[in-house]
Amino acid sequence: MKVLKWILIVLAALALLFYFVAMPYLKEQTKKNSPQKTVVYTENGMDLTLKYSSPFKKGRVIFGELVPYDTIWRTGANEPTTFTTNSKISIIDKELPAGTYSVWSIPGKESWQVILNKNVPEWGVTLISGGKETTRIAEEDVVNVEVPVINLTETVESLTIDFEDDGQLFLSLEWDKTKVRIPINN
């Protein structure tokens, strides 16, 4: 009985050590390879913030290989990308209440599904799967829209997400030779 008690104490101590020491260290190390970025849009009565980690291409084929087609992706590296709006807006024709959402996507060759979800998980993927399985809770999806792929002639080396306003506001995502634009309206 005493041996079992000690084993449980050691296991609990190891779990706490992993959670409070190893996880913060791993997060810090991954941000060296995929730096965290923040983009802000505060015009036309909208106050929008997007936070994401920007991985680099590094000679890899991104969409269709590193990021498989037709599979849910946490849309960035490290923690899930977050999108915050301080007022109700529309993504294409879907209403999005004020709040902070995790951003997910399902890349395809011709179009992408872009999903905003109420739940913002700590990491976004399971460590056991090596990052292949997400922790998205589909029942918490608030917006799910489809947008066409724009093929680029020039390669974009690091994942870039930004707001573009050319009379219509878009959330724009570019990486490798792929771009998608998600219309936003207030």
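Residues numbered from 1 in each chain as written. Predicted model: local features only at pLDDT ≥ 70, side-chain atom pairs only at ≥ 80, totals over all residues. Heavy atoms only, no water.

**Digging into the nonpolar core**
So, point 1. Core analysis: the largest hydrophobic core is formed by 33 residues, its most contacted members being Leu48, Leu50, Phe83, Ile91, Phe163 and Ile184.
So, point 2. If you list the elements that add at least two residues to this core, you get β1 (36-41), β2 (48-53), β4 (89-91), β6 (99-106), β7 (111-117), β8 (141-165) and β9 (169-185).
So, point 3. Excluding residues that lie within four positions of it along the chain, phenylalanine 163 makes contacts with Val39, Val40, Tyr41, Leu48, Leu50, Phe83, Leu169, Phe170, Leu171 and Ile184. (Core = buried A, V, L, I, M, F, W, Y, C linked by side-chain atoms within 4.5 Å. Buried < 20%, exposed > 50% of the residue type's maximum accessible area, 1.4 Å probe, protein only. Helix = DSSP H or I, 4+ residues; strand = E, 2+ residues; numbered from the N terminus. Contact = heavy atoms within 4.5 Å.)

**Points about a nonpolar patch on the surface**
So, point 1. Judged by side-chain polarity, Met1, Val3, Leu4, Ile7, Leu8, Val10, Leu11 and Leu14 come together as a nonpolar surface patch covering roughly 850 Å² of accessible area.
So, point 2. Considering the arrangement of structural elements, one finds isoleucine 7 in helix α1 (residues 2-33).
So, point 3. You can call isoleucine 7 partly exposed: its relative accessible area is 43%. (Patch = residues over 30% accessible without salt bridge, like charges linked within 9 Å, V, L, I, M, F, W, Y side chains within 5 Å. Areas by Shrake-Rupley, 256 points an atom, 1.4 Å probe, with all protein chains shown as cover. Salt bridge = Lys/Arg side-chain N within 4 Å of Asp/Glu carboxyl O.)

**Section: the packing of aromatic side chains**
So, point 1. Inspection of every chain in the model, using the stated rule, returns seven aromatic pairs.
So, point 2. Between the aromatic rings of tryptophan 73 and tryptophan 112, the centroid separation amounts to 6.2 Å while the plane-to-plane angle is 80°, which identifies the pairing as edge-to-face. Residue tryptophan 73 is located in the loop between β2 and β3 (81-85), and its partner tryptophan 112 is located in strand β7; the two are separated by 39 residues in the primary sequence. In terms of burial, tryptophan 73 and tryptophan 112 fall into one category: buried. (Phe/Tyr/Trp six-rings, centres within 6.5 Å; stacked < 30°, edge-to-face > 60°.)

**A look at the pattern of salt bridges**
Where charged atoms of side chains with opposite charge meet at close range, the side chains can pair.
So, point 1. Per the counting criterion, the structure on display carries seven salt bridges.
So, point 2. A salt bridge links lysine 88 to glutamate 95; the shortest N-O distance between them is 3.8 Å.
So, point 3. Close ionic contact of glutamate 174 with lysine 179 constitutes a salt bridge, the shortest N to O distance being 3.3 Å.
So, point 4. Assessed through its relative accessible area of 13%, lysine 179 is described here as buried.
So, point 5. Look at the salt bridges and you will find they share partners, linking Glu164, Asp166, Glu174, Lys179 and Arg181 into a network.

**Side note on the sheet that holds β2**
So, point 1. Pairing in this open sheet of nine strands is antiparallel, and the strands run β1-β2-β3-β6-β7-β8-β9-β4-β5 from one edge to the other. Two strands lie at the open edges of the sheet, namely β1 and β5 (94-96), each paired on one side alone. When the angles between neighbouring strand axes are averaged without regard to direction, this sheet yields 35°.
So, point 2. Both β1 and β2 contribute to a ladder of six bridges, which runs antiparallel. Paired with valine 39 across the bridge in β2 is leucine 50. (Pairing = 2+ DSSP bridges. Axes fitted to C-alpha atoms, helices over the stretch in contact; angles between N-to-C directions.)

**Some details on the confidence of the model for the protein**
So, point 1. For the protein, mean pLDDT is 88; residues scoring 70 or higher make up 83% of the total.
So, point 2. The weakest mean pLDDT in the protein belongs to α1 at 65; the strongest belongs to β9 at 98. (pLDDT = per-residue confidence, 0-100.)

**A look at the environment of glycine 99**
So, point 1. Within the element layout of this structure, glycine 99 appears in strand β6.
So, point 2. Taking C-alpha positions, glycine 99 is 8.3 Å from phenylalanine 83, a pair spaced 16 residues apart along the chain.
So, point 3. In this structure glycine 99 touches Phe83, Thr84 and Thr85, once residues within four positions along its chain are discounted.

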